[in-house]
Amino acid sequence: MKQLLKALTETFGPSGHEGEVRKLILKEVKPLADEVRVDALGNLIVHKKPAANSKNPKRIMLAAHMDEIGVIASHIDKKGFVRFTNVGGTFGKYTLGARVRFMNGVTGVVGYDRMEQVDNALPINKMYIDVGATKKEDCPVKVGDFAAFERTYMEMGDRLVAKSMDDRSGVAVLIETLRAIKSTPNDLYFVFTTQEEVGTRGAGAAAYGVDPEIGIAVDVTATGDTPASLKMVMELGKGPCVKFRDPGMLSDPRVVDWMITTAEKAKIPYQREVLLMGTTDGREIQISRAGVMTGALSIPCRYVHSASEMVDYNDLKNSVKLLTAMLSKAVSF
Ligand code: CO
Ligand code: ZN
């Protein structure tokens, strides 16, 4: 899974430009799927059918988003400096000094107007991208070009660090779960969604198309395990998190119960999650059509939305174990 995660995180895919990521996932899932399709928003929908003798299979949709946060060029000045705005939750503090790569392969570094302005707030409208151009005419970036963080994957023991662990770690978990499920009584849809970071847009369209009875989003969650972090119980390395609440969703208690009883029976470590900021595709799935029983399995992650997001390898392995155990048996609610 580490090789796969390295490949996934080093691939370019800001919201709306998930094509390269989709291509990589498609190569992995094609031999494991009964059916694969891509919808109009670019969601990759992978269908694994129930075993032939299964009675009343439940239609279950799992979702992990392919896109990552990024920036978009909004103005090029006479000297070829590129002004930009955010695509999703791109924070100033994490962006200053970063290297970014545009979709045409051009790389740049992010500078700030005047360093004496560096105090508390670091608004990105005081920043620019220097791509090495000296005048507008030789700037290889056009207004409307997207860029994302440029950063290589690295391992620090069991701690894995890369850009876009949010949510390529979830993508890797879904791929490995699909690989691990030999046969299932359920009707499974593994959906790799688009445009989550700009407001869970892909998942809504995908959920409408799939029309599931149960939904599970697989995404990262922030932790409370660093010095002076928010008071939250989630920690790296203590197992996948069963979401109870984030500001966008209250998990369905039946799905929560299914996750917890399965984890306890299979002796898989898990954590209870109440997240104080952010949300996931689960929100969009839950309120699609006439409503869907929805929960979320979250991977604890430090430094979310920075170019060095950190997860723990054991949490990824246990996430695969938990999902595999849940989906391999008939659902009783
Ligand atoms: Co995110
Ligand atoms: Zn995410």
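Attention now goes to the overall build of the chain. Along the backbone of the chain there are eight helices and 18 strands. Relative to the globule expectation of 20 Å for 333 residues, the C-alpha radius of gyration of the chain, 20 Å, shows essentially globular dimensions. By its C-alpha atoms, the chain is 70 × 40 × 40 Å across when sized along the principal axes. Out of the 333 residues in the chain, the part that is buried amounts to 54%. A separation threshold of at least 6 residues defines the contact pool for the chain, and within that pool the share at least 24 residues apart is 77%.

Those protein atoms acting as donors to the cobalt ion (ligand 1) are D166 (OD), E197 (OE), E197 (OE) and H305 (NE2), and they sit at 1.8 to 2.5 Å. Around the cobalt ion (ligand 1), the four donor atoms sit at angles spanning 55 to 144°, and that spread fits a shape best called irregular. When the donors of the cobalt ion (ligand 1) are listed by position in the chain, the intervening gaps give D-x30-E-x107-H. Separation of the cobalt ion (ligand 1) from the zinc ion (ligand 2) amounts to 3.3 Å, with D166 serving as a shared donor to the pair.

With that out of the way, let us pick up the coordination of the zinc ion (ligand 2). Around the zinc ion (ligand 2), the protein contributes the donor atoms H65 (NE2), D166 (OD), D219 (OD) and D219 (OD), which lie 1.9 to 2.6 Å from the metal centre. Bound by four donor atoms, the zinc ion (ligand 2) shows angles of 53 to 147° at the metal and therefore irregular coordination geometry. Each donor residue of the zinc ion (ligand 2) lies on one chain, and together they are spaced H-x100-D-x52-D. Take H65: its relative accessible area is 0%, and that puts it in the buried class. Here D166 falls in the buried class, since its relative accessible area comes to 5%.

Okay, the packing of aromatic side chains next. Centre-to-centre distance and the angle between the planes together describe a pair of aromatic rings. Applying the stated criterion across every chain yields a total of three aromatic pairs. Aromatic pair F91 and Y94: ring centres 6.3 Å apart, planes at 40°, arrangement tilted. Accessibility expressed as a relative area gives 42% for F91, which makes it partly exposed. In this arrangement the basic side chain of K2 is found over the ring face of Y313, its NZ or CZ atom lying 4.4 Å from the centre. Sitting over the face of the ring of Y208, R289 holds its NZ or CZ atom 4.0 Å from the ring centroid.

Turning next to the packing of helix α1 (residues 2-9) against helix α4 (residues 165-180). Running from N to C, α1 and α4 point in directions that differ by 140°, and their axes come no closer than 9 Å. The pairing of α1 with α4 is recorded here as oblique in orientation. Handedness of the α1/α4 crossing: right-handed. Contact residues: L4, L5, L8 and T9 in α1; M165, R168, S169, V171, A172, I175, E176 and R179 in α4.

The rules behind the values
- Residues numbered from 1 in each chain as written.
- Chains lettered and ligands numbered in written order.
- Predicted model: local features only at pLDDT ≥ 70, side-chain atom pairs only at ≥ 80, totals over all residues.
- Heavy atoms only, no water.
- Helix = DSSP H or I, 4+ residues; strand = E, 2+ residues; numbered from the N terminus.
- Rg over C-alpha atoms; globule rule 2.2 N^0.38 Å.
- Buried < 20%, exposed > 50% of the residue type's maximum accessible area, 1.4 Å probe, protein only.
- Contact = heavy atoms within 4.5 Å.
- Donors = N, O, S within 2.8 Å, 3.2 Å for Na, K, Ca; no water.
- Tetrahedral: all angles 85-135°; square planar, octahedral: opposite > 155°, others 65-115°.
- Phe/Tyr/Trp six-rings, centres within 6.5 Å; stacked < 30°, edge-to-face > 60°.
- Lys NZ or Arg CZ within 6 Å of the ring centre and 35° of its normal.
- Axes fitted to C-alpha atoms, helices over the stretch in contact; angles between N-to-C directions.
- Parallel < 35°, antiparallel > 145°, perpendicular 65-115°, else oblique.
- Left-handed = near helix turned anticlockwise from the far one by under 90°.

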